[in-house]
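# Structural features, examined
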Amino acid sequence: MDFFLQLLIQGLSIGCLYATAALGFVMIFKSSSVLNFAHGELLAIGAYIFLVISVWLKLPIVVAFIVTFAGSFALGFVIERLFLRPMIGEALIEVIMLTVGLAAMFKGLLLFIFSGNTYVYPNFLPNWLGLRIGNLTIAPVYTATFAMTLVLLVVFGLFFKYSSQGIYMRSVADNQTAALSLGVNVMRVFALSWAIASLVCAMSGIVLGILNGINVHDLSKLGLKVFPVVILGGLESIGGAIIGGLVIGVIETLVSGYFSTSLRDVVAYVVLVLILMVRPYGLFGLVEIERV
Amino acid sequence: MRLRLRPCGNYKERYEEELTIFETDFGRLWSLIGIVLLFFVIPFVFGQYGLYVLNHVGIYAIGAVGLNILIGFTGQISLGHGAFFGVGAYTAAILMTRLHVPFLPSIFAGGVVTAAVGLIFGIPSSRLKHLYLTISTLAGQFILEYIFVHWSSLTGGTEGIILPKSSIFGFVLNTDRKFYYVIFIFFLLSIWVAKNIVRTRYGRAFVAIRDNDQAAEGMGIAVFRYKLLSFAISSFYAGFAGALWAAYLGSITPEPFTFGLSIDFIAMIIIGGLGSITGSVLGATFITLLNELLSQLAAYFMNIKALAGGALTVAPLREFFFGLVIVLFLIFEPRGLAEVWRIVKSSFKLWPFSY
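Every chain is numbered on its own, with residues counted from 1 as its sequence reads. A letter from A marks each chain and a number from 1 marks each ligand, given out in the order of writing. Per-residue local features are limited, in this predicted model, to residues with pLDDT of at least 70; the limit for side-chain atom pairs, both in listing and counting, is 80 or more; totals at the level of whole chains, interfaces and linings are taken over all residues.

## Some details on the overall build of chain B
Quick reminder of the rule: Where helices and strands are cited, they refer to DSSP runs of H or I of at least four residues and of E of at least two residues respectively, numbered from the N terminus. This radius of gyration counts C-alpha atoms alone. The globule rule is 2.2 Å times how many residues there are, raised to the power 0.38. Here a residue counts as buried when 20 or more other C-beta atoms sit within 10 Å of its C-beta, as exposed when there are 12 or fewer, and as partly exposed otherwise, the C-beta atoms being derived from the backbone. What counts as a contact is two residues whose backbone-derived C-beta atoms lie within 7 Å of each other.
Looking only at helices and strands, chain B features 15 helices and 4 strands. For chain B, the C-alpha radius of gyration of 21 Å lies close to 20 Å, the compact-globule estimate for 355 residues. With respect to the three principal axes, the spread of C-alpha positions in chain B is 60 × 50 × 45 Å. By residue count, 44% of the 355 residues in chain B fall in the buried class. Taking as baseline every contact in chain B between residues at least 6 positions apart, the subset at least 24 positions apart corresponds to 76%.

## Observations concerning the overall build of chain A
Across its full length, chain A carries 11 helices and 2 strands. In terms of overall dimensions, chain A is globule-like: its C-alpha atoms have a radius of gyration of 19 Å, near the 19 Å expected for 292 residues. Along the longest, intermediate and shortest principal axes, the C-alpha atoms of chain A span 60 × 50 × 40 Å. Looking at chain A as a whole, 48% of its 292 residues qualify as buried. Partitioning the intrachain contacts of chain A with sequence separation of at least 6 by distance along the chain shows that 73% fall at a separation of at least 24.

## Thoughts on the packing of helix H1 (residues 2–32) of chain A against helix H8 (residues 186–212) of chain A
Residue and element names in this part refer to chain A. In plain terms, the rule: A fitted line through C-alpha atoms represents every axis, and for helices the fit uses only the stretch in contact; the resulting angles, taken between N-to-C directions, go from 0 to 180 degrees. Between 65 and 115 degrees an angle is taken as roughly perpendicular, under 35 as roughly parallel, over 145 as roughly antiparallel, and anywhere else as oblique. Residue polarity is assigned by list, with Asp, Glu, Lys and Arg as charged and Ala, Val, Leu, Ile, Met, Phe, Trp, Tyr, Cys and Pro as nonpolar; anything else, Gly included, falls into the polar class.
In the contact formed by H1 and H8, the axes pass within 9 Å of each other and the chain directions differ by 170°. Compared by their axis directions, H1 and H8 come out roughly antiparallel. Taken together, the residues of H8 that come into contact with H1 (itself represented by Leu17, Thr20, Ala21, Leu23, Gly24, Phe25, Met27, Ile28, Ser31 and Ser32) are Val189, Phe190, Ser193, Trp194, Ile196, Ala197, Val200, Cys201, Met203, Ser204, Val207 and Leu208. Of the residues in the contact of H1 with H8, the class split is 16 nonpolar, 6 polar and no charged.

## Notes on the interface of chain B and chain A
If you look at the interface, chain B gives 38 residues, while chain A gives 36 residues. If you list the elements that add at least two residues to the side of chain B that touches chain A, you get helix H6 (130–150), helix H10 (213–218), helix H12 (259–272) and helix H14 (315–332) of chain B. Sorting elements by how many residues they give to the side of chain B that touches chain A places H14 of chain B first, with 12 residues. Residues that form the side of chain B that touches chain A fall into these classes: 27 nonpolar, 8 polar and 3 charged.

## Section: the environment of Pro126 of chain A
For Pro126 of chain A, the location among the structural elements is in the loop between helix H4 (92–114) and strand E1 (131–133). Along the chain, Pro126 of chain A and Ala144 of chain A lie 18 residues apart, while their C-alpha atoms are 9.9 Å from each other.

## Details of the packing of helix H11 (residues 264–278) of chain A against H6 of chain B
Rule in force here: Here a crossing is called left-handed whenever its near helix is offset anticlockwise from the far helix by less than a right angle, and right-handed whenever the offset is clockwise.
The N-to-C vectors of H11 of chain A and H6 of chain B enclose an angle of 140°; their axes lie 9 Å apart at closest approach. Overall, the two elements H11 of chain A and H6 of chain B adopt an arrangement that is oblique. Here H11 of chain A runs over H6 of chain B; the crossing is left-handed. The segment H11 of chain A lies against H6 of chain B, with Val266, Tyr269, Val270, Leu272, Val273 and Leu276 of chain A engaging Tyr132, Ser136, Ala139, Phe142, Ile143 and Tyr146 of chain B. Looking at the contact of H11 of chain A with H6 of chain B, its residues break down into 11 nonpolar, 1 polar and no charged.

## Thoughts on unusual backbone geometry
Residues and elements named next belong to chain B. Of note in this structure, His100 is not a glycine but carries a positive phi near 55°. By the secondary structure assignment, His100 is in the loop between helix H4 (81–98) and helix H5 (103–122). The exposure class of His100 is exposed, given the 9 C-beta atoms found within 10 Å.

## Digging into the confidence of the model for chain B
All names here are of chain B. The condition that has to hold: Confidence of the prediction at every residue is given by pLDDT, a number between 0 and 100.
On average, chain B scores 85 in pLDDT, and the residues at 70 or more come to 95%. Between the elements of chain B, mean pLDDT differs from a low of 75, seen in helix H1 (residues 15–19), to a high of 92, seen in helix H11 (residues 223–249). Interface confidence in the predicted complex, given as ipTM, is 0.84; pTM for the same model is 0.87.

## Section: H4 of chain A
Residue and element names in this part refer to chain A. Definition in use: The span one expects for a helix is its residue count, reduced by one, times 1.5 Å.
Between its first and last C-alpha, H4 extends 33 Å over 23 residues, near the 33 Å set by a 1.5 Å rise per residue. Among the 23 residues that make up H4, 17 are buried, leaving the element largely enclosed by the rest of the structure. Ser115 lies just past H4 and shows a positive phi near 55°.

## Comments concerning the environment of Val95 of chain A
Residue and element names in this part refer to chain A. Inspection of the secondary structure puts Val95 in helix H4. A count of 23 C-beta atoms within 10 Å places Val95 in the buried class. In sequence terms Val95 and Leu35 are 60 residues apart; their C-alpha atoms lie 7.7 Å from each other. Sequence-distant contacts of Val95, that is, excluding residues within four places in its chain, are made with Val34, Met87 and Glu90.

Below is the structure:
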C-alpha cells in the first residue's frame, strides 16, 4: 500500500507537469488552431536559459527566474510574428509541418550549443518543502510541482475571468469572426497566446530540470507526450488538459512501477487510442457540428 | 506521326481530354527521353556512391507517392508512415530469413501486410477527423515502434535481422547497379499506377473527400470505404518501399523507423507539392539529397575541427538546416517544387512575353 501511495504521489506530480505543459498547448490551439509540435523544444529552451543564468553565470535564483520568464515570453512573441503569421489561412498539414520544422531547428541549435549531455541544477529548494505523512515522504520537488500547478491555475483562472486581454483571448477562442467584428485585435491575441504558452513551458521546463536534470532529447520527447494528454481531455478544454495530465501521469508511473519501465513510454498512446475509440472528441472536447 | 503542339487556348470538348496525362505528344517524347536516360545513361555515368544515393531516392519516392495519395489527395494526415515503412521492411526480412521466401514474393507480401496494418490504423477515420485522426496515427507510430523493439522473438529486437542476398529468378542482385534497375522499374510502375488511380473514379472520390467529406457523402460516395481504400493504397506503397529498402541494405534494425522518418516523408510531399505525383518524386529527391549533403558536410567539418583540435561537433546543425529548409519552403513557396516547376515551364512557354 505504501508503495502504491508513493507511486501515486509521484504520478500526480509528473501529471501536474504534463498538465502545465498541456496548458500552454491548449492555449495556442484554442486561440489560433495551431497544433504545436515544437512544444518540447519550448520546454527545453526555458530550462536551458535558466541553466545558463543560474549555473553558468552564477546569478541569484530570483534573477534567473525573471530572465527566463522574460526571455521565453519574448521568444513566444517572436515565433508567432516570424513563423506563424505568414501561415495564417494555410492548410492544416502545412501549419503542422511548420511547427515540426521549428522543432527540428530548435533541437539542432540546442544540441549544437549544449550537446546531448544531461545537466543538473543546484538544489535550491528549501528542505521544509518536503513533507512526511506517516510512512510517506514527499520530496521537496513534488511539493513544488503541486504548488506551481496550483498557482498557475489560480493565476490563469483570474487572468481569463477579469483581465481585458484574457477576455479577448476567450472571445477569439469562442468565435474568431465575431471577435474580429467587435474590434478585438486577433493578431495580438495570437501573439499573446504564444508568448504565454512559451512562458508556461519555461516554468514546467525548470521544474522538470529540478526533477530529472535537463537533456535535449528527453525534453523534446516530452513535448510529444503532450498529445495523449490533450486528446484525452479534449483539444479545446483547459480543465480537460489538467485532468488528462494527471490521468496520464498516474497511469505511466503505475505501469512502470508494477509492470516494466519500457512500457511506460507507450502506455500513454495505448490509452489515447482506447479513449478515441469510445469518445472521438476526448473527454471534454467540443463536438463539432459540420454543415456542408 | 504528327506532333501536336500545345494549343493557344483551352479547346477541350470532352471530359476525356481533361483527364489525359499527356496533353501534347511532346510530353510523351520527353517521358521517353527520361526513361532512356534513367535506364541507359544514368547507371553508367554515376559511380557506386551516386547509385547508392539514387537508389535511396527511388525507394523514398515510392513511399512519398503513396503518402501523397493519402495526404495530398484524400486529405487524411498520417504521422505513422515511418512505422509503416518499417512494417514492410520487417515483413520482407522475416519472410526471407525465416520462411526462405524468394525476393519478389516477399517484397509484395511486405506491401500487402503493411496495407492490412494501414487498414487497422485507418479504421479510426470513420469517426475521427482532422487533428484527432492525425494524433491517432501518431499513436500508431509509437505503438509500432514499441513492437519493433520489444517483440524480439519476431523482429530480433535491437539487434535486428540480417537478410540473405536477394535474387530474381536465379539472378543475384549483388551490386548497386543491379538493384538500381530493380528499384527504378518498380518506381516507374508505382508512378504509373498512382497516376492512373488519381485520374479515375477512385482518385476523383479521394479528391471529393479531401475537399469536403460531408458534400462527398451527399453525392453518394461511400466516404469510409474510400478513406480505408486510401489508407490501404498508401500503406501498401510505404510497405513496398520499406521491403525494397530492407532487401537493398541487407540488414535492418528498429533504429531508422522512427517518428523522424515519418516527418521526412511528410517533408518530401510538402516540399514537393501536395496533390501532385511529380511533386512527390521531386520532393523525395530534394529531401534525400539534402540529407545526404548535410551529413557529408557535417562529416567534412568534423574532420577540419579535429585538425584544429576543437571538440565542437557540428552534426546537430544538420537537423537545424533540415528544419530551416522546411520552414522557409512553407513560408515562401507553400505549393512546393511542383509549383516552381510549373512556373518555370510556363515562363518558358510564354517567353518572351512572360510576366
